[in-house]
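# Coordinate analysis (summary)
The primary structure of each chain is shown beneath.
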Amino acid sequence: QDYFDAAPTFKQSYAPQSGEIFGILKQMKETFESNLSASQKEEMANQKAYEDLKAAKEEEIAAGQAQIDAKTDELASTDEKNAEAKTDLEDTKASLSADEQFLMMLK
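A few points on the structure. Note that the structure is predicted; figures quoted are calculated from it, not measured. (Residues numbered from 1 in each chain as written. Predicted model: local features only at pLDDT ≥ 70, side-chain atom pairs only at ≥ 80, totals over all residues. Heavy atoms only, no water.)

### Brief notes about the overall build of the protein
The secondary structure content of the protein amounts to 2 helices and 0 strands. Going through the 107 residues of the protein one by one, you find that 0% of them count as buried. When the accessible surface of the protein is summed, it comes to about 10300 Å², and 59% of that surface belongs to carbon and sulfur atoms. (Helix = DSSP H or I, 4+ residues; strand = E, 2+ residues; numbered from the N terminus. Buried < 20%, exposed > 50% of the residue type's maximum accessible area, 1.4 Å probe, protein only. Areas by Shrake-Rupley, 256 points an atom, 1.4 Å probe, with all protein chains shown as cover.)

### Some points on the pattern of salt bridges
Scanning the model with the defined rule gives 3 salt bridges in all. The shortest N-O distance in the salt bridge between Glu33 and Lys29 comes to 3.5 Å. In this pair, Glu33 and Lys29 are both assigned in helix H2 (residues 18-106), 4 residues apart and thus about one turn of the helix distant. Taking relative accessible area as the criterion, Glu33 reaches 44% and is therefore assigned partly exposed. (Salt bridge = Lys/Arg side-chain N within 4 Å of Asp/Glu carboxyl O.)

### Remarks on a negative patch on the surface
On the surface, Glu80, Glu84, Asp88, Glu90 and Asp91 cluster together to form a negatively charged patch. Inspection of the secondary structure assignment puts Asp88 in helix H2. (Patch = residues over 30% accessible without salt bridge, like charges linked within 9 Å, V, L, I, M, F, W, Y side chains within 5 Å. Lys, Arg positive; Asp, Glu negative; His and termini not counted. Charge placed at Lys NZ, Arg CZ, Asp CG, Glu CD.)

### Focus: a nonpolar patch on the surface
Together, Ile21, Phe22, Ile24, Leu25, Met28 and Phe32 line one region of the surface with nonpolar side chains, adding up to about 620 Å² of accessible area. Of note, Ile21 is situated in helix H2.

In structure tokens form, the structure reads like this:
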């Protein structure tokens, strides 16, 4: 018997497994695509939430700055009124003293 003329036996027993590998790879690709899509949607939602938070905080900062400006103006006005009141008090005390001296002279 001549073994060199015989048909190789490995051709008969080999069954290709590439279909199973392609199936696994296709499933992995679909999983990755769905994960990517979910991650992109989550990132967009987080970006919108960040923008909303940023806008709200900027509004709060602007409102706080306006309040600071109003309080500064109010403080300046109050300081001015206080200075005027002190001047009036000094004038009134001087006038009282002069009036008391005049009254003493009348007696």
